[in-house]
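# Breakdown of the fold
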Amino acid sequence: MIELATALQGVAALFVCFAIVALYRVYRGPTPHDRVTAVNVVGTNTVIAIALLAGAFDDQLFLDVALVYALLNFLLSIAFSKFNVEQGGVL
């Protein structure tokens with residue numbers, strides 16, 4: 001039977017793979033809106049992967065890192081939106 005830590009590591013690896021797939025949309029996105037959304041998806045997947053690794057390794061420090069990364073991801077999306085609005089586009 002698979003241990004919980006091994007299962008959490010496997011699911012975290014899947015979320016990293018999903019983030020890598022979303023990076024393609026960041027690179028190729030036809031519009032800036034697609035790119036901003038893809039950056040948010042990459043950031044969210046990274047936060048989820050870090051939180052799953054916190055559970056797998058039973059380390060609270062990973063949760064602190066995930067929380068800080070989530071806040072930075074949110075601020076980055078706000079900054080992108082503000083920049084886009086100032087350039088004449090509306091999100």
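We now turn to the structure provided with this report. Keep in mind that what you see is a predicted model, and the values were worked out from it rather than measured. (Residues numbered from 1 in each chain as written. Predicted model: local features only at pLDDT ≥ 70, side-chain atom pairs only at ≥ 80, totals over all residues. Heavy atoms only, no water.)

### Some details on the overall build of the protein chain
We apply this condition: For helices the rule is a DSSP run of H or I covering at least 4 residues; for strands it is a run of E covering at least 2, with both sets numbered from the N terminus onward. Per-residue accessibility, obtained with a 1.4 Å probe over protein chains only, is compared with the maximum for each type, and a residue is labelled buried under 20%, exposed over 50%, and partly exposed between these values. Here the accessible surface of atoms and residues is derived via Shrake-Rupley with a 1.4 Å probe, and residues count as covered only by protein chains that are part of the display. Charge counting treats Lys and Arg as positive and Asp and Glu as negative, with His and both chain ends excluded. Charge coordinates come from a single atom per side chain, which is NZ of Lys, CZ of Arg, CG of Asp or CD of Glu.
The helix and strand tally for the protein chain stands at 3 helices and 0 strands. If you list the helices and strands of the protein chain from N to C, you get α-α-α. When the 91 residues of the protein chain are sorted by exposure, 23% land in the buried category. Summed over its atoms, the accessible surface of the protein chain is roughly 6400 Å², and 72% of this surface lies on carbon and sulfur atoms. The centroid of the 4 positive side-chain charges in the protein chain is displaced by 24 Å from the centroid of its 6 negative side-chain charges.

### A few points about the nonpolar core
This is how the line gets drawn: Remark: nonpolar core denotes a set of buried residues (Ala, Val, Leu, Ile, Met, Phe, Trp, Tyr, Cys) joined through side-chain atoms within 4.5 Å. Every residue pair with non-hydrogen atoms within 4.5 Å of one another is taken to be in contact.
Counting 5 residues, the largest nonpolar core consists of Leu 8, Ala 12, Ala 49, Leu 52 and Ala 56. At the level of elements, helix H1 (4–28) and helix H2 (32–57) are the ones that each hand at least two residues to this core. Beyond its immediate chain neighbours, meaning those up to four positions away, Ala 49 contacts Ala 12, Phe 15 and Val 16.

### A closer look at the side chain of Asn 73
Here Asn 73 shows up in helix H3 (residues 60–86). Apart from the residues lying within four places of it in its own chain, the contact partners of Asn 73 are Val 39, Asn 40, Gly 43 and Thr 44.

### Describing a nonpolar patch on the surface
Rules: Only residues whose relative accessible area exceeds 30% and that form no salt bridge are eligible for patches; like-charged ones are grouped when within 9 Å, while nonpolar side chains (Val, Leu, Ile, Met, Phe, Trp, Tyr) are grouped when within 5 Å. The rule for a salt bridge is simple: a side-chain nitrogen of Lys or Arg has to be within 4 Å of a carboxyl oxygen of Asp or Glu.
On the surface, Val 68, Leu 72, Phe 74, Leu 75 and Ile 78 cluster together into a nonpolar patch covering about 500 Å² of accessible area. Its location among the elements puts Leu 72 in helix H3. On the basis of relative accessible area, Leu 72 is assigned to the exposed category, the value being 52%.

### Side note on H1
Our working rule: Multiplying 1.5 Å by the residue count of a helix minus one yields the expected span of that helix.
Taking 1.5 Å of rise per residue, the 25 residues of H1 would be expected to cover 36 Å, and the 37 Å separating its terminal C-alpha atoms lies within 8% of that figure. When H1 is considered as a whole, its buried residues turn out to be Leu 8, Ala 12, Ala 19 and Ala 22.

### Quick look at H3
The condition is simple: Think of a polar contact as two N or O atoms within 3.5 Å of one another; within protein, one of them needs to be a possible hydrogen donor and the other a possible acceptor, and neighboring residues in sequence only count if both atoms come from side chains.
Relative to the 39 Å expected for 27 residues at 1.5 Å per residue, H3 spans 40 Å between its end C-alpha atoms, a close match to the ideal helical length. Residues of H3 that are buried make contact with H2. Two to three positions downstream of the cap, the backbone nitrogen of Leu 61 sits 3.3 Å from a side-chain oxygen, assigning the N-cap of H3 to Asp 59.

### Thoughts on the environment of Ile 48
Within the fold, Ile 48 resides in helix H2. Here the alpha-carbon distance between Ile 48 and Leu 63, two residues 15 residues apart in the chain, equals 9.8 Å.

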